[in-house]
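# Descriptive analysis of the structure
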Amino acid sequence: MNKWGYADHNGPEVWHELFPLANGDRQSPIDIITKAASYDPSLPPFNVDYDPSSAKLIMNSGHTFSVEFDDGEDKSVVRGGPLHGSYRLRQFHFHWGPCDDYGAEHKVDGRDYPAELHIVHWNSEKYSNFVEAAQKPDGLAVLGIFLKIGEHNKNLERVTNALDNINFKGKQSSFTNFDPSCLLPDCKEFWTYPGSLTVPPLLETVIWIVLKEPIEVSSRQLSRFRSLFSTTETDEIEPCCMKNNHRPIQPLKGRTVRSSFS
Ligand SMILES: [Zn+2]
């Protein structure tokens, strides 16, 4: 394996060869067992305060696509919930699978969702940039939002339309004036637990906030995600699509999942 990916020869089952942390004690995603989650009445609601002017660009990394934000100052932040202080918005991206039956990373009582949105933030009160924060146990906060198949999601239109500009790995395109809070569900009840990045280097530095209520996406919108290429325009190898980019669930290893609701 010289580059990680999601195929048999370089996928999650062999990531540990290059990234031993794959077998660590604080890995993500997990299956959230709702009965085992402990209701914590002292958990305040979390709130996002996003400034649409901090949206910057959309890019295809070959593993997913992401919308990146200007994180040079505290323009867009999340606070509250399990977090101490404010965490600055860095980017959001999605994970999905080869069909509409599965593709999210977290599960709830063994249930699969077809996709999952990750909104990534870093602790800007304690650390000076994303790279530094990503090394610290309280450095990152990721909001995880499940997608289920349903109505066409109008709020996702700008994102899916922009994919036409970034079909190939390595492409990026300007993407401005966007507030990702339009992608959050109405109900903000959540589970929270200490975990990791779900892609190499799998750093165990993420405070996860996984929302209970999914948002809807149409099957057609989700199939647009899968038609992105994981190869560059000039790769000599056969073009390959991003059909699947989710990591399977990892052992809980004694961690407690807390819930904001009873
Ligand atoms: Zn992710």
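This write-up is about the structure you can find in this document.

## A short note on the pairing of strand β12 (residues 190-195)
Regular strands have side chains that alternate between both faces of the sheet. Counting buried positions along β12 gives five out of six residues, so the element sits mostly inside the fold. In terms of strand pairing, β12 meets strand β13 (residues 206-211) through six bridges, oriented antiparallel. In the strand pairing of β13, phenylalanine 190 is matched with leucine 211. In this structure, β12 lies alongside strand β15 (residues 258-259), joined through two bridges in antiparallel fashion. By the bridge assignment for β15, tryptophan 191 is matched with serine 259.

## A short note on the nonpolar core
If you look at the biggest cluster of nonpolar residues, it comprises 61 residues, and the most contacted ones within it are Ala115, Leu140, Ala141, Val142 and Ile209. Counting residues per element, this core draws most heavily on strand β10 (residues 140-149), at seven residues. Ignoring sequence-local partners within four residues, the contact set of leucine 140 consists of Val120, His121, Trp122, Ala133, Ala134, Thr205, Val206 and Ile207.

## Regarding unusual backbone geometry
Omega for the bond connecting serine 28 with proline 29 falls within 30 degrees of zero, at 5°, which places this linkage in the cis form. Tracing the sequence through the fold places proline 29 in the loop between α1 (15-18) and β1 (31-32). A positive phi is found at asparagine 177, a non-glycine position, where the angle reads about 55°. Tracing the sequence through the fold places asparagine 177 in the loop between β11 (172-174) and β12. Of note, leucine 202 is a non-glycine position whose phi angle comes to about 60°, a positive value. Tracing the sequence through the fold places leucine 202 in the loop between β12 and β13. Exposure remark for leucine 202: the 27 C-beta atoms within 10 Å place this residue in the buried category.

Conventions adopted
- Residues numbered from 1 in each chain as written.
- Predicted model: local features only at pLDDT ≥ 70, side-chain atom pairs only at ≥ 80, totals over all residues.
- Buried ≥ 20, exposed ≤ 12 C-beta atoms within 10 Å, placed from the backbone.
- Helix = DSSP H or I, 4+ residues; strand = E, 2+ residues; numbered from the N terminus.
- Pairing = 2+ DSSP bridges.
- Core = buried A, V, L, I, M, F, W, Y, C linked by C-beta atoms within 7 Å.
- Contact = placed C-beta atoms within 7 Å.

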